Amino acid sequence: MKNQHALSRRHMLMVAPACALTLGLTGCSPKPAARATGSAGIIEARLKTLGITLPKAPAPVATYVPYRIIGQTVYIAGQGPALDSGAKVQGTLGKDMTIEQGAHAAHLACLNLIAQAKKACAGDLDRIVQWVKMGGFINSADDFTHQPQVLNGATNLLRDIFGDKGLPARFAVGVNTLPFNVAVEIDAIFEMRA
């Protein structure tokens, strides 16, 4: 019995790399069971109730993938406050943007983050077990110290949509510049149900 267990474990270790190669960039995750046609999930219903329409998941702007799946953990690359039109919310907090404008930029960046999460979950946001961690980079003037209030624009949105499982551990730091001069960039990690 002990040898059979060791053999099956060895077989799994040999099969896993091949699986990763055949599935491509997003990793080796099982396909979810198809949802019955016409049925909306709990999270989709909540989005509708809140009047939120998710944007199309933004394409990468450099050499990276928008998300990576490892087991049941999904890592989402940094997302900025880009609009469907391609326009970006730009500016420096404490210089040419208020805390409220920054929080709105974080809200928009979080919509893009959720759009990437939906893509990673094959369209089913109910597969999200919990949001684990969020990192927030805030384009800040030297004397600006309200980065947590700015990032609340993102985490308030996650809480409103996902409830308590939408509250991640997080950090919010000020930086002297961000790509394309965007006001905010956020990344996140979440746990996904198979």
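Right, let's walk through the structure included here.

Cut-offs applied
Residues numbered from 1 in each chain as written. Predicted model: local features only at pLDDT ≥ 70, side-chain atom pairs only at ≥ 80, totals over all residues. Heavy atoms only, no water. Helix = DSSP H or I, 4+ residues; strand = E, 2+ residues; numbered from the N terminus. Buried < 20%, exposed > 50% of the residue type's maximum accessible area, 1.4 Å probe, protein only. Areas by Shrake-Rupley, 256 points an atom, 1.4 Å probe, with all protein chains shown as cover. 1 Å grid on protein atoms, 1.4 Å probe; cavity = no way out; pocket = protein on both sides within 12 Å on 5 of 7 lines; lining within 4 Å. Points joined across faces, edges and corners; volume = space filled by probe spheres on them. Nonpolar A, V, L, I, M, F, W, Y, C, P; charged D, E, K, R; others polar. Salt bridge = Lys/Arg side-chain N within 4 Å of Asp/Glu carboxyl O. Axes fitted to C-alpha atoms, helices over the stretch in contact; angles between N-to-C directions. Parallel < 35°, antiparallel > 145°, perpendicular 65-115°, else oblique. Left-handed = near helix turned anticlockwise from the far one by under 90°. Contact = heavy atoms within 4.5 Å.

## A few points about the overall build of the protein
Phase 1: Counting secondary structure elements, the protein contains four helices and five strands.
Phase 2: Starting at the N terminus and walking to the C terminus, you meet the elements of the protein as α-α-β-β-α-β-α-β-β.
Phase 3: Residues counted as buried form 37% of the 194 residues belonging to the protein.
Phase 4: When the accessible surface of the protein is split by element, carbon and sulfur atoms take 58% of a total near 11,000 Å².

## Structural notes on the layout of surface pockets
Phase 1: Of the pockets and cavities examined, the largest pocket occupies roughly 450 Å³.
Phase 2: P58, A59, V61, A82 and K88 are, among the 23 residues lining the largest pocket, the residues nearest its centre.
Phase 3: Sorting the residues of the lining of the largest pocket by element identifies strand 2 (73–79) and helix 3 (99–120) as the ones contributing at least two each.
Phase 4: For the lining of the largest pocket, the per-class residue count stands at 13 nonpolar, six polar and four charged.

## What to know about unusual backbone geometry
Phase 1: Positive phi outside glycine occurs at A122, with the angle close to 55°.
Phase 2: The phi dihedral of N181 falls on the positive side, at around 60°, and the residue is not glycine.
Phase 3: Turning to its location among the elements, N181 is positioned in the loop between strand 4 (169–175) and strand 5 (184–192).
Phase 4: On the accessibility criterion, N181 (36% relative accessible area) is partly exposed.

## Concerning the pattern of salt bridges
Phase 1: Following the criterion strictly, the structure yields two salt bridges and no others.
Phase 2: In this structure, E44 engages K118 in a salt bridge whose closest nitrogen and oxygen atoms are separated by 2.9 Å. Taken together, the positions of E44 in helix 2 (residues 42–50) and K118 in helix 3 put the pair 74 residues apart, joining distant regions of the chain.
Phase 3: The partly exposed category is assigned to E44, whose relative accessible area is 25%.
Phase 4: Among the salt bridges present, the one from R159 reaches D160, with a minimum N-O distance of 3.2 Å.
Phase 5: Classification of R159 as partly exposed rests on a relative accessible area of 37%.

## Focus on the packing of helix 3 against helix 4 (residues 147–162)
Phase 1: The N-to-C vectors of helix 3 and helix 4 enclose an angle of 45°; their axes lie 6 Å apart at closest approach. With respect to helix 4, the axis of helix 3 lies oblique. The handedness of the crossing between helix 3 and helix 4 comes out as right-handed. Note on element contacts: helix 4 touches helix 3 through Q149, V150, L151, G153, A154, L157, L158, I161 and F162, opposite I99, G102, A103, A106, H107, C110, L111 and I114.
Phase 2: In terms of residue class, the contact of helix 3 with helix 4 is made up of 13 nonpolar, four polar and no charged.

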